[in-house]
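Reading the structure
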Amino acid sequence: MKSKDIQNFQNTVLDWYKHNKREFLWRRETPEPFLTLVSEVMLQQTQTSRVAEKLPVFFEQFPTIFALAEASNADIIRAWKGMGYNNRALRLRDAARLIGERYNGQIPQSLDELLALPGIGRYTATALMSFSFKIDIAVVDVNIRRVYSRIFFKMETTASVAPEKEINEIADMIYPKNQSSEWHQAIMDIGALYCTARQPECKKCPLQIFCISAGAMIEYTSPKRAEPSYNGIPRRIWRGRTVELLRSASILTSESINHFLFGEFATQDDHKWIRQVLLTLEKDGIILQNENVVQLREN
Ligand code: SF4
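Residues numbered from 1 in each chain as written. Predicted model: local features only at pLDDT ≥ 70, side-chain atom pairs only at ≥ 80, totals over all residues. Heavy atoms only, no water.

1. Section: the packing of aromatic side chains
Which entries qualify depends on this criterion: In this scheme Phe, Tyr and Trp rings, the latter by its six-membered ring, pair at centre separations within 6.5 Å, and the angle between planes marks the pair as stacked below 30 degrees, edge-to-face above 60, and tilted otherwise. A helix here means a DSSP run of H or I that spans at least four residues, while a strand means a run of E at least two residues long, and both kinds are numbered starting from the N terminus. Summary of the burial criterion: residues with accessible area below 20% of their type's maximum are buried, those above 50% are exposed, and those between are partly exposed, where the area comes from a 1.4 Å probe applied to protein chains only. When the NZ atom of lysine or the CZ atom of arginine is within 6 Å of a ring's centre and also within 35 degrees of its normal, the charge is said to sit over that ring.
Evaluated as defined, the whole model comprises 14 aromatic pairs. With centroids separated by 5.2 Å and ring planes inclined at 65°, the aromatic side chains of Phe9 and Phe210 adopt a geometry described as edge-to-face. Separated by 201 residues along the polypeptide, Phe9 in helix 1 (residues 3-20) and Phe210 in the loop between helix 11 (180-193) and strand 1 (229-230) bring together distant segments of the chain. Classification of Phe210 as buried rests on a relative accessible area of 12%. Aromatic rings pair up to connect Phe9, Tyr148, Phe152, Trp183 and Phe210 into one cluster. The lysine or arginine in question, Lys177, covers the ring of Tyr175, its NZ or CZ lying 3.8 Å from the ring centre.

Following this line, the structure appears as structure tokens:
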């Protein structure tokens, strides 16, 4: 794009955002860093509607970094109910502990310090810097990468994305300086409302006139990576069911877990599968197994 077109593109994006942005609890003029940290970790693998429901309850229980730092494994996993991927919750609590110890409860503002915190990847770190600290920095998540790929590179199918290096170059160059926060949230909204992964709505998209791939992509869904499964149900669902049982019952035996999950006629294969599931949960620090007793890990 020529510089005049870039300016026109930026104005179109920001003007669209001014009138059409999505409203969320975590989207404020300058959101508290703790609010951004928790909401971004939740949003990593959970739908926005579920996060909107869970966030106020979470902050009631853990109103500060220090309160979160004190949470036991069992506390945080119970509080994470309904969100899935419990490891995220443990890493978030571990990050709160480090922020408490190293930075007296203040979330650091530099990229290196943020990246050194458990569970904080480049996207979450740059989102914090851009949204809460108003630092001029490029933010790239999977949605922004998809939108930039389609606008600036000719994508053959809806599953294609441009190479990371090229996207990062575009990302650094394209956002208007001093408006990193609004810009990136605008691109995310356009990605969620029009430029979706499977069926982009190019005809309605406000960026259609700037987009090289508009209306020209073949719809294609990449085959999902095979995940270990049992009885046709992926392991993460079995893990979720097991943690759910432990949330309400505190302590169980592996036999009783089998009984709850498979009924009284559980087979040897069922037992074997649940033993594997329990081992993965133990390895991730979510449960403790002592002889035959299973419980959520306290610390
Ligand atoms: S025109 Fe289509 S492909 Fe391009 S940004 Fe909009 S929705 Fe995405």
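Picking up where we left off.
2. Digging into the sheet that holds strand 4 (residues 287-290)
The strands making up a sheet are joined through hydrogen bonds of the backbone, oriented either antiparallel or parallel. Which entries qualify depends on this criterion: The pairing criterion is simple: DSSP has to find at least two bridges between the two strands. Here an angle of 0 to 180 degrees is reported between the N-to-C directions of two axes, which are lines fitted to C-alpha atoms, with helices fitted over the stretch in contact. Here, residues are in contact when the closest pair of their heavy atoms is within 4.5 Å.
If you walk across this open sheet you meet the three strands as 3-5-4, and the pairing is antiparallel. With one partner strand each, in any of the chains shown, strand 3 (251-253) and strand 4 form the two edges of the open sheet. Each strand axis lies, on average, 25° off the axis of its neighbour in the sheet, ignoring direction. For strand 4 and strand 5 (residues 293-296), the ladder comprises four bridges, and the chain directions are antiparallel. Of the residues in strand 5, the one forming a bridge with Ile287 is Leu296. Sheet contacts for helix 12 (residues 235-249): strand 3, strand 4 and strand 5; angle to strand 5, the most-contacted strand, approximately 85°. Helix-sheet contacts for helix 14 (residues 268-283) involve strand 4 and strand 5, and the interaxial angle to strand 4 is about 120°.

3. A few points about the side chain of Arg88
The condition that has to hold: We treat Lys and Arg as the positive residues and Asp and Glu as the negative residues; His and chain ends play no part in the count. Put simply, a salt bridge is a Lys or Arg side-chain nitrogen that is within 4 Å of an Asp or Glu carboxyl oxygen. By the criterion applied in these results, polar contacts are pairs of N or O atoms within 3.5 Å in which, for protein atoms, one can donate a hydrogen and the other can accept it, and in which residues neighboring in sequence qualify only through two side-chain atoms.
Mapped onto the fold, Arg88 is located in helix 6 (residues 86-103). Glu40 provides the closest opposite charge to the buried, unpaired Arg88, separated from it by 9.7 Å. Within polar-contact distance, the side chain of Arg88 engages the backbone oxygen of Met42 at 2.7 Å. Look past the residues within four positions of Arg88 in its chain and what remains in contact with it is Val41, Met42, Gln44, Gln45, Thr46, Trp80 and Met83.

4. Points about the domain arrangement of the protein
As a reminder of what qualifies: Per the annotation, domain bounds derive from an automatic or database assignment of domains. For any pair of parts, buried area is found by adding up, for both, the accessible area (1.4 Å probe) each one loses once the two are put together.
Here the protein is partitioned into domain 1 (3-22 + 138-210), domain 2 (33-132) and domain 3 (229-296). The gap between the C-alpha centroids of domain 2 and domain 3 is 27 Å. Counting each side, the surface lost to burial between domain 2 and domain 3 is near 870 Å², with a carbon and sulfur contribution of 50%. Notably, a salt bridge pairs Glu244 with Lys81, separated by 2.8 Å at the nearest N-O pair. Taken together, the connections running from domain 2 to domain 3 amount to six residue pairs in polar contact (both at pLDDT 80 or more).

5. Focus on the site of the ligand
Definition in use: Working definition: residue near molecule or strand if any one of its non-hydrogen atoms lies within 4 Å of it. Three classes are used, and their members are as follows: Ala, Val, Leu, Ile, Met, Phe, Trp, Tyr, Cys and Pro are nonpolar, Asp, Glu, Lys and Arg are charged, and the others, Gly among them, are polar.
Residues in contact with the ligand, as listed here, are Arg150, Ile151, Tyr194, Cys195, Pro200, Cys202, Cys205, Gln208, Cys211, Ala214 and Met217. For the shell around the ligand, the class distribution of residues is nine nonpolar, one polar and one charged.

6. Quick word on the packing of helix 13 (residues 254-262) against helix 14
Between two packed helices, the angle of one axis relative to the other and the distance separating the axes together describe the packing. Filter applied, for reference: Angle categories are assigned with fixed cut-offs, so that under 35 degrees is roughly parallel, over 145 is roughly antiparallel, 65 to 115 is roughly perpendicular, and the rest are oblique. A clockwise turn of the near helix away from the far one marks a right-handed crossing, whereas an anticlockwise turn of less than a right angle marks a left-handed crossing.
Helix 14 packs onto helix 13 with a crossing angle of 115° between their chain directions and a minimal axis gap of 10 Å. One finds that helix 13 runs roughly perpendicular with respect to helix 14. As helix 13 packs across helix 14, the resulting crossing turns out to be right-handed. In this structure, helix 13 contributes Ser254, Ile257, Asn258, Leu261 and Phe262 to the contact, and helix 14 contributes Asp270, His271, Trp273, Ile274 and Leu278. In terms of residue class, the contact of helix 13 with helix 14 is built from six nonpolar, three polar and one charged.

7. Things to note about the packing of helix 9 (residues 142-152) against helix 10 (residues 164-174)
Look at helix 9 against helix 10: their axes get within 10 Å of each other, and the N-to-C directions meet at 90°. Between helix 9 and helix 10, the crossing angle belongs to the class labelled roughly perpendicular. Counting all contacts with helix 9, which are made through Arg145, Tyr148, Ser149 and Phe152, the residues of helix 10 involved are Glu164, Ile167, Ile170, Ala171 and Ile174. Of the residues assigned to the contact of helix 9 with helix 10, the class counts are six nonpolar, one polar and two charged.

8. Comments concerning the side chain of Ser254
Mapped onto the elements of the fold, Ser254 is located in helix 13. Among the residues examined, Ser254 registers a relative accessible area of 13% and is labelled buried. The contact partners of Ser254, leaving out residues within four places of it in the chain, are Leu278, Asn292 and Val294.

9. Overview of the pattern of salt bridges
Evaluated as defined, the whole model comprises nine salt bridges. Between Glu227 and Arg236 there is a salt bridge, with its nearest N and O atoms 3.1 Å apart. Given the relative accessible area of 33%, Glu227 is considered partly exposed. Here the salt bridges do not stand alone but share partners, grouping Arg22, Arg27 and Asp189 into one network.

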